[in-house]
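# Coordinate inspection notes
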Amino acid sequence: MALLEVNDLAVSYGQIEAVKGVSFSVDEGQVVAIVGANGAGKTTIMNTISGLLRARRGQISFAGQDITHWPTHRIVAAGIVQVAEGRAILANMSVAENLALGLAAAGSRRHEGGPTIATMMERFPILGQRSGLPAGQLSGGEQQMLAIARALLAQPRLLLMDEPSMGLAPLLVKQVFAIIAALKAEGRTILLVEQNALKALKLADYAYVLERGRVALSGTGAELAGNQDVARAYLGGL
Ligand code: ATP
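Along each chain, residue indices are assigned from 1 in the same order as the chain's sequence is written. For this predicted model, a pLDDT threshold of at least 70 governs which residues receive local features, and a threshold of 80 or more governs which side-chain atom pairs are given and counted, while totals over whole chains, interfaces and linings are taken from all residues. Each side-chain value is worked out from all heavy atoms of the structure, with water and hydrogens disregarded.

Helix and strand content of the protein: ten helices and ten strands. Both definitions apply: the radius of gyration is a C-alpha atom measure, and the globule rule equals 2.2 Å times residues to the power 0.38. Over its C-alpha trace the protein gives a radius of gyration of 17 Å, about what one expects of a compact globule, namely 18 Å for 238 residues. Each principal axis of the C-alpha atoms in the protein carries an extent, and together these give about 45 × 40 × 35 Å. Note on classification: 1.4 Å probe, protein chains only; a residue is buried when its accessible area is under 20% of the maximum for its type, exposed when over 50%, partly exposed between these limits. Scored against the burial criterion, the 238 residues of the protein give a buried share of 47%. A sequence separation of at least 24 residues applies to 66% of the contacts in the protein between residues at least 6 apart. For every accessible area listed, the method is Shrake-Rupley and the probe measures 1.4 Å; residues are considered covered only by the protein chains on display. Carbon and sulfur atoms make up 52% of the accessible area of the protein, which totals about 10,600 Å². Side chains of the protein carry 21 positive and 19 negative charges; the gap between the two charge centres is 3 Å. Secondary structure is summarised from DSSP: a helix means a run of H or I of at least four residues, a strand means a run of E of at least two, and numbering begins at the N terminus for each. Should any heavy atoms of two residues lie within 4.5 Å, those residues are considered in contact. Positive charges come from Lys and Arg alone, negative charges from Asp and Glu alone, with His and the N- and C-terminal ends not counted. Here the site of a charge means NZ on Lys, CZ on Arg, CG on Asp, or CD on Glu.

Structure below.
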């Protein structure tokens, strides 16, 4: 059974219908990518899954429950944790305080032997070295690591990653994808939205190409990575 199932989802901003009947699913342990040109509706889908936006039509099911109308805190409590676009770390709080927020978000899902702030600082040593600094003083790449570490401390059953490489220099983009590859190797379930389409497709088990609010194509990451239409979509030619 799919862990996340999205069925005929439609989302509007006033008169503008940004997502027009999208269906897809994510199985446990899968990395699923949604790729598409700017404005295709990727962020809108992510924000609707996490409860920040409301569906106008359609259903979102998670672990067999209909979460379509749940408030965000309940969705997080169920185990859907978003690593936000733009990173959304709290700039005035220290690195350690930001990590503590992640741990708090784990709530009742927190279990013996789960990740701790100390294990995250081991995994991302730069965060340990900078633990007392205001998070706003970290570089872009370090902030992205902090955002990922914070999300992992919340012990997600499904990790939503919205453009994790956005705005980063090429070397850091590589690092972020290496982190995602490591998370995949650990068997984590990830829904990934990316502007770096080819990199995302190479990593994804399955992927959906979104075009003006609709799924234009879907297939395994490898299939889509070699598809000419996908290349054209990325050059804005469709
Ligand atoms: P990007 O990579 O640029 O973020 P995206 O695929 O994530 O693109 P969305 O941000 O989901 O796309 O936007 C989908 C559509 O909805 C676009 O046409 C966009 O202009 C519109 N849109 C997004 N946010 C709003 C908003 N707050 N109010 C009105 N329209 C919006």
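Adjacent strands of a sheet pair through backbone hydrogen bonds, lying either parallel or antiparallel. Pairing between strands is defined by DSSP: at least two bridges between the two strands are required. Taken in spatial order, the four strands make up an open sheet running β2-β1-β4-β5, and their pairing is antiparallel. Lying at the two open borders of the sheet, with one neighbouring strand each, are β2 (16-27) and β5 (65-66). Bridge count for strand β1 (residues 2-13) against strand β4 (residues 57-62) is five bridges, and the pairing is antiparallel. Directly across from Val 6, in β4, lies its bridge partner Ile 60.

Attention now moves to the packing of helix α6 (residues 140-153) against helix α7 (residues 170-185). Convention adopted: a line fitted to C-alpha atoms gives each axis, helices being fitted over their contacting stretch, and angles between N-to-C directions are expressed from 0 to 180 degrees. The contact between α6 and α7 brings their axes to 10 Å, and the two run at 15 degrees. Our classification of the angle between α6 and α7 gives roughly parallel. You can see that α6 and α7 cross each other, and the crossing is right-handed. Judged by residue contacts, Gly 141, Gln 144, Met 145, Ile 148 and Leu 152 of α6 engage Leu 172, Gln 175, Val 176, Ile 179 and Leu 183 from α7. When its residues are assigned to classes, the contact of α6 with α7 shows seven nonpolar, three polar and no charged. For this classification, under 35 degrees means roughly parallel, over 145 means roughly antiparallel, 65 to 115 means roughly perpendicular, and everything else is oblique. The handedness criterion is simple: a crossing whose near helix is rotated anticlockwise from the far helix by less than a right angle is left-handed, and one whose near helix is rotated clockwise is right-handed. Only Asp, Glu, Lys and Arg are considered charged, only Ala, Val, Leu, Ile, Met, Phe, Trp, Tyr, Cys and Pro nonpolar, and every remaining residue, Gly among them, polar.

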